Amino acid sequence: MAWVQDETRIVPMFAVVPRRWVVERCFAWLGRYRRLSKDYEYLATSQENAIYLATIMLLLHRAARALP
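Residues numbered from 1 in each chain as written. Predicted model: local features only at pLDDT ≥ 70, side-chain atom pairs only at ≥ 80, totals over all residues. Heavy atoms only, no water.

Moving on to the overall build of the protein. The secondary structure content of the protein amounts to three helices and two strands. Its helices and strands taken in sequence order, the protein reads β-β-α-α-α from the N to the C terminus. Sorting the 68 residues of the protein into buried and exposed places 13% on the buried side. Expressed as a percentage of contacts within the protein between residues at least 6 apart in sequence, the contacts between residues at least 24 apart total 28%. Counting only carbon and sulfur atoms, one obtains 63% of the accessible surface of the protein, whose full area is about 6,500 Å². (Helix = DSSP H or I, 4+ residues; strand = E, 2+ residues; numbered from the N terminus. Buried < 20%, exposed > 50% of the residue type's maximum accessible area, 1.4 Å probe, protein only. Contact = heavy atoms within 4.5 Å. Areas by Shrake-Rupley, 256 points an atom, 1.4 Å probe, with all protein chains shown as cover.)

Printed below as a string of structure tokens:
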């Protein structure tokens, strides 16, 4: 790990982003879908649509669980 010397303190070059876990959690949720686990799509729009479908499925599952 590299360190940068400042006049007042020593600061590591890598710093933890406060809300990074939110992004990592979303990537983990999307990684559960087989179509998104590999780069199967030829066009970027097809991949984007697959991501939209996966997020819609996640939201529908969550909404169905929330119903009484």
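Moving on, we get to a positive patch on the surface. A contiguous patch of positive charge on the surface is contributed by R19, R25, R32, R62 and R65. Position of R65 relative to the elements: it lies in helix α3 (residues 44-66). Residue classification places R65 among the exposed residues on the basis of a relative accessible area of 66%. (Patch = residues over 30% accessible without salt bridge, like charges linked within 9 Å, V, L, I, M, F, W, Y side chains within 5 Å. Salt bridge = Lys/Arg side-chain N within 4 Å of Asp/Glu carboxyl O. Lys, Arg positive; Asp, Glu negative; His and termini not counted. Charge placed at Lys NZ, Arg CZ, Asp CG, Glu CD.)

Moving on: the confidence of the model for the protein. In low-pLDDT regions, the fine details of the predicted coordinates are not to be read closely. Taken residue by residue, the protein gives an average pLDDT of 79. The fraction at 70 or more is 82%. Across the protein, α3 holds the top mean pLDDT of 89, while strand β1 (residues 3-5) sits lowest at 55. (pLDDT = per-residue confidence, 0-100.)

Right, let's get into a nonpolar patch on the surface. A surface patch of nonpolar side chains, amounting to about 430 Å² of accessible area, comprises Y52, L53, I56 and L60. Inspection of the secondary structure puts L53 in helix α3.

Counting six residues, the largest nonpolar core is built from L30, Y33, L36, A50, A54 and L58. The element best represented in this core is α3, accounting for three residues. With near-sequence residues (within four places) excluded, L30 lies in contact with L36, I51, A54, T55 and L58. (Core = buried A, V, L, I, M, F, W, Y, C linked by side-chain atoms within 4.5 Å.)

The end-to-end C-alpha distance of α3, which contains 23 residues, comes to 33 Å, matching closely the 33 Å that a straight helix rising 1.5 Å per residue would cover. Within α3, burial applies to Q47, A50, A54 and L58. On its buried side, α3 packs onto α1 (20-31) and α2 (34-37). (Expected span 1.5 Å × (residues − 1).)

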